[in-house]
Amino acid sequence: MISTNCMCFPHEKSSKYYHIPSLFKITAHSVKSYKIAWFSDMPQKISDERKRNMELKTFLDHVNNGLTVDGGSQMHMYMSELSREAMKITYEINSAYHTAEEIRELMGRLTGQPVDKTFRLFPPFYTDCGKNIHIGKCVFINSGCCFQDQGGITIGDGALIGHQVVLATLNHLLDPDKRQSMIPSPISIGRNVWIGSHATVLGGVKIGDNAVIAAGAVVTDDVPANTVVGGIPAKFIKNIDRC
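Read on for an overview of the structure. Model, not experiment: these values are computed from the prediction.

A few words on helix H3 (residues 100-111). In this model, H3 (twelve residues) spans 16 Å end to end at C-alpha, consistent with the 16 Å of a helix rising 1.5 Å per residue. Within the span of H3, buried status applies to Ile-103, Leu-106, Met-107, Gly-108, Leu-110 and Thr-111. On its buried face, H3 sits against helix H2 (74-94), strand S3 (120-121), strand S4 (125-127) and strand S5 (133-135). Downstream of H3 by one or two residues, Gly-112 has phi in the positive range, about 75°.

Note on pairing: side chains with opposite charge can pair once their charged atoms come close. By the definition in use, this model includes four salt bridges. A salt bridge links Arg-191 to Asp-157, with the nearest nitrogen and oxygen atoms 3.2 Å apart. With Arg-191 in the loop between strand S13 (187-189) and strand S14 (194-195) and Asp-157 in the loop between strand S8 (153-155) and strand S9 (160-161), this residue pair connects regions lying 34 residues apart in the sequence. For Arg-191, a relative accessible area of 44% gives the class partly exposed.

With that settled, consider H2. Given a rise of 1.5 Å per residue, 21 residues ought to cover 30 Å, and the 30 Å separating the end C-alpha atoms of H2 matches this to within 8%. Within the sequence span of H2, burial applies to Met-75, His-76, Tyr-78, Met-79, Leu-82, Ser-83, Ala-86, Ile-89, Thr-90 and Ile-93. Each buried residue of H2 sits inside an arc of 150° when the element is viewed along its axis, so together they form one side. Residues of H2 that are exposed and angled more than 90 degrees away from the buried face: Gln-74, Lys-88 and Tyr-91.

Here is what the cut-offs are and how they apply
Residues numbered from 1 in each chain as written. Predicted model: local features only at pLDDT ≥ 70, side-chain atom pairs only at ≥ 80, totals over all residues. Heavy atoms only, no water. Helix = DSSP H or I, 4+ residues; strand = E, 2+ residues; numbered from the N terminus. Expected span 1.5 Å × (residues − 1). Buried < 20%, exposed > 50% of the residue type's maximum accessible area, 1.4 Å probe, protein only. Contact = heavy atoms within 4.5 Å. Salt bridge = Lys/Arg side-chain N within 4 Å of Asp/Glu carboxyl O. Arc of directions from axis to C-beta.

Right, dumping it as structure tokens:
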């Protein structure tokens, strides 16, 4: 007999009750079958998670070694899968108000690793991967930033990243027949770096500790520690005197 109500069942080894819908008349046999079916799914879930972790490791090994991602390849398809997952999480970050703790939890899901309690982010935030972002302590990311992190983005302790900064770690091939293929190159941002609003940093760039990137700069080459650079392309402006 069909029922639309819900029923509560006690857990065998505790005083907790489980609240489950009873679309059909519940019997001792059906409860047992429900438990067996639930537990029988666990090995498959564990297997799927292990497979996913292996796929992610294979992908990260590939891009972190600077190997080309050929357009239409299996590696390219997996990269697209990571992008879809990142879009779901960034939509969650950007579509509602979150506490600082909630932001850290969401960024942890996005990057696949714990985010330090000193991390701060003002949404919106955008990335088409997320799994190759590595964030130090006391990092602040202002609103509207876009991180293309397939090639790897490492942000040192104390870094400040201004509004709408773009960090781009992928280049397409110049050959029109191979334009869909991509070459990953990492971006490394040192300790206490300040990147001004609307700056763009391209793949393969290393920014030394304490450096400042002026607003609107396009950084195509490495930036020495304790210097200020600006312009398009970014050029040396001055040294930073330490007190």
